[in-house]
Amino acid sequence: MWFQQTLWKLPPDWGGQYGLRGFVEKSAEFSYPFYRAFAKDVVLAHFSLFAPQVWLGETVIALSLVFGLFGSAGGLMAFAMGINLYFANAHVPGEWYWT
């Protein structure tokens, strides 16, 4: 799942309007109030800094879990990213039903 999620947000445009930026914009509109401010004022304001980190983070998680290298670290990173995804996507209309 982590690897598949890297494929729709590839550099250099990070998936365009239907990619990472579009989903961050939805988070800035629909998520919890404290997260809305973070998404809008921090992440979107500095998107060119955050986009590669998101993509690289998900790629590292996928590689660590698939190949069993640093599995505990990959699991902890996946947990942290999962918590972030919950706050970002829990109230976005049409988002995955399990978020």
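It should be emphasised that the depicted structure is a prediction, and the values quoted were computed from it without experimental measurement.

1. Details of the nonpolar core
So, point 1. Counting residues in each nonpolar core, the largest one holds 11 residues, listed as Trp14, Leu20, Val24, Ala28, Tyr35, Ala39, Val43, Leu44, Phe47, Ala51 and Ala88.
So, point 2. If you list the elements that add at least two residues to this core, you get helix H2 (20-30), helix H3 (33-44) and helix H4 (47-67).
So, point 3. With 4 residues, H3 is the largest single contributor of residues to this core.
So, point 4. What Ala39 contacts, discounting residues up to four positions off in sequence, is Val24, Ser27, Ala28 and Leu44.

2. Topic: a nonpolar patch on the surface
So, point 1. Taken together, Leu63, Val66, Phe67, Leu69 and Phe70 make up a surface patch of nonpolar side chains, about 610 Å² in accessible area.
So, point 2. Locating Phe70 in the fold gives a position in the loop between H4 and helix H5 (71-89).
So, point 3. In this structure Phe70 comes out as exposed when scored by relative accessible area, which is 68%.

3. Some points on unusual backbone geometry
So, point 1. Here the amide bond leading from Pro11 into Pro12 is cis, since omega sits at 10 degrees, within 30 degrees of zero.
So, point 2. For Phe70, which is not glycine, the phi torsion reads 55 degrees and is therefore positive.

4. So, the packing of aromatic side chains
So, point 1. Overall, the coordinates contain 7 aromatic pairs when judged by the stated rule.
So, point 2. When the centroid spacing of 6.1 Å and the interplanar angle of 20 degrees are considered together, the rings of Tyr32 and Phe34 count as stacked.
So, point 3. The partly exposed category is assigned to Tyr32, whose relative accessible area is 22%.
So, point 4. Taking relative accessible area as the criterion, Phe34 reaches 52% and is therefore assigned exposed.
So, point 5. An aromatic cluster of at least three residues, connected via ring pairs, comprises Tyr32, Phe34, Tyr86 and Phe87.
So, point 6. Just above the ring of Phe23 sits the side chain of Lys26; from NZ or CZ to the centre is 5.0 Å.

The rules behind these values
- Residues numbered from 1 in each chain as written.
- Predicted model: local features only at pLDDT ≥ 70, side-chain atom pairs only at ≥ 80, totals over all residues.
- Heavy atoms only, no water.
- Core = buried A, V, L, I, M, F, W, Y, C linked by side-chain atoms within 4.5 Å.
- Buried < 20%, exposed > 50% of the residue type's maximum accessible area, 1.4 Å probe, protein only.
- Helix = DSSP H or I, 4+ residues; strand = E, 2+ residues; numbered from the N terminus.
- Contact = heavy atoms within 4.5 Å.
- Patch = residues over 30% accessible without salt bridge, like charges linked within 9 Å, V, L, I, M, F, W, Y side chains within 5 Å.
- Areas by Shrake-Rupley, 256 points an atom, 1.4 Å probe, with all protein chains shown as cover.
- Salt bridge = Lys/Arg side-chain N within 4 Å of Asp/Glu carboxyl O.
- Phe/Tyr/Trp six-rings, centres within 6.5 Å; stacked < 30°, edge-to-face > 60°.
- Lys NZ or Arg CZ within 6 Å of the ring centre and 35° of its normal.

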